[in-house]
Structures are given as C-alpha cells and as structure tokens.
Amino acid sequence: MKVFFNQLLDYNFYCNKQLIEFCSEMNDVPEKAIELFSHILNAHHIWNSRILNKAPDYKVFEIHQVKDWGDIHYENQRSSFEITTNAEDFEKRIDYENSEGRLFISNLQDILFHIINHSSHHRGQISMNFRQHAIEPIPFDYINYKR
C-alpha cells in the first residue's frame, strides 16, 4: 500500500510542479487558475493536518501568490511522504472536523486517495480555464507521466 500511495503522490507532485513552473513563466496567470491551484494546495495541507492531528495553517479558499506555490507544494509533499512512511495501517480511522465544523471519520487510504483525486479534478478545471484564455494546457494524464 505504501508503494502504491507513494507512486500516486509522486504523480501528483510531478503534475503540480509542472503547473507551478508553467504559471511561474506566465506574465498573467488567469485569476480562476490562481484560485483553483491555491485551493489544491490548501486542501492538501488541510488533509495532511487532519491526518497528523494538527491545526492547519491555511483556510480552504485562501489565495496564494504564484511565487509561494512551490514552497507550499514541497511542504505538502514532504508531509504526505512522512505520513505514508510512518503509516502502519492504511485502514486507520481518522477523526476530523470539516471546514464547516461537522465531525467525520474516514480511513487513511481514503483520505490519501482523495488528496490525489481532488488535485486531479481541479487541475482539469485549470486546464479548461487555460483554454478559455487561449492558453494551451499541460497534459496531466497519468499514462503520460508513466511513459
């Protein structure tokens, strides 16, 4: 299970890093893309914090400047690898409170998969936003990453 999640986290890291580099070279990143990628970073951080039973540093929809994305992304990845490295049971139940204050319980493997799936979903939205602004998006398909 560790190998599987580390592979998916590598894929997620690679895609996000590509997007960060791409946006860092742009003169004018579309506002919606900034909002969506900031949300990706925030959600990943918040989920890591929930797993580690720590208070998050970011709000769900907090906006970050493009120049700060790389540091936040790197820390998210480091924290996720710490989680998978130390995980003894991926079925472990995690009690947490969502952003609206409701209590939930999810297991570790579902949360880790959610982090990757959530990021993929919003990268797809960013790609659509780029097309709306006549910007050719980066291909983020998993199969392209594995080639």
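Here, the structure is the one placed above.
Everything numeric in this text was worked out from a predicted model, so none of it was measured.

**Focus on the packing of helix 1 (residues 2–24) against helix 4 (residues 108–132)**
It is the contact of helix 1 with helix 4, at a shortest axis distance of 10 Å, that shows an interaxial angle of 25 degrees. What the angle tells us is that helix 1 and helix 4 run roughly parallel. Of the two possible hands of crossing, helix 1 and helix 4 adopt the one that is left-handed. Two secondary-structure elements touch here, helix 1 through Phe5, Leu8, Leu9, Tyr11, Asn12, Cys15, Asn16, Leu19, Phe22 and Cys23 and helix 4 through Gln109, Leu112, Phe113, Ile116, Ser119, Ser120, Arg123, Ile126 and Phe130. Of the residues belonging to the contact of helix 1 with helix 4, the class tally is 13 nonpolar, 5 polar and 1 charged.

**Quick look at helix 2 (residues 31–51)**
With 21 residues, helix 2 ought to run about 30 Å at 1.5 Å a step, and its terminal C-alpha atoms sit 30 Å apart, in line with that. Burial analysis of helix 2 places 18 of its 21 residues in the buried class, which makes it a mostly covered element. Among the residues trailing helix 2, Asn53 stands out with phi positive, at a value near 55 degrees.

**Topic: the environment of His114**
Considering the arrangement of structural elements, one finds His114 in helix 4. Each C-alpha atom, one on His114 and one on Met128, is 21 Å from the other, the two residues being 14 residues apart in sequence. For His114, the side chain forms a polar contact with the side chain of Trp47, separated by 3.5 Å.

**Comments concerning the side chain of His118**
Here His118 lies in helix 4. Aside from chain neighbours lying at most four places away, what touches His118 is His39, Ile40 and Ala43.

**As for the pairing of strand 1 (residues 93–97)**
Judged by which residues are buried, strand 1 turns out to be one-sided: Ile94 and Tyr96 face inward and are buried, whereas Arg93, Asp95 and Glu97, on the alternate face, are not. Looking at chain direction, strand 1 and strand 2 (residues 103–107) are connected through 5 bridges and run antiparallel. For Tyr96, the partnering residue across the bridge sits in strand 2 and is Phe104. Here strand 1 folds back onto strand 2 in antiparallel fashion, the turn holding 5 residues, of which Gly101 has a positive phi close to 90 degrees.

**Description of the pattern of salt bridges**
Side chains that carry opposite charge are capable of pairing whenever their charged atoms lie near each other. Taken as a whole and assessed by the stated rule, the structure comprises 6 salt bridges. Measuring nitrogen to oxygen at the nearest pair gives 2.7 Å for the salt bridge that ties Lys17 to Glu21. With Lys17 and Glu21 both in helix 1 and 4 residues apart, the pair spans about one turn of that helix. Notably, a salt bridge pairs Arg131 with Glu136, separated by 3.5 Å at the nearest N-O pair. What emerges from the salt-bridge pattern is a single network uniting Glu75, Arg78 and Glu82.

Conventions adopted
- Residues numbered from 1 in each chain as written.
- Predicted model: local features only at pLDDT ≥ 70, side-chain atom pairs only at ≥ 80, totals over all residues.
- Heavy atoms only, no water.
- Axes fitted to C-alpha atoms, helices over the stretch in contact; angles between N-to-C directions.
- Helix = DSSP H or I, 4+ residues; strand = E, 2+ residues; numbered from the N terminus.
- Parallel < 35°, antiparallel > 145°, perpendicular 65-115°, else oblique.
- Left-handed = near helix turned anticlockwise from the far one by under 90°.
- Contact = heavy atoms within 4.5 Å.
- Nonpolar A, V, L, I, M, F, W, Y, C, P; charged D, E, K, R; others polar.
- Expected span 1.5 Å × (residues − 1).
- Buried < 20%, exposed > 50% of the residue type's maximum accessible area, 1.4 Å probe, protein only.
- Polar contact = N/O pair within 3.5 Å; in protein donor to acceptor, adjacent residues only side chain to side chain.
- Pairing = 2+ DSSP bridges.
- Salt bridge = Lys/Arg side-chain N within 4 Å of Asp/Glu carboxyl O.

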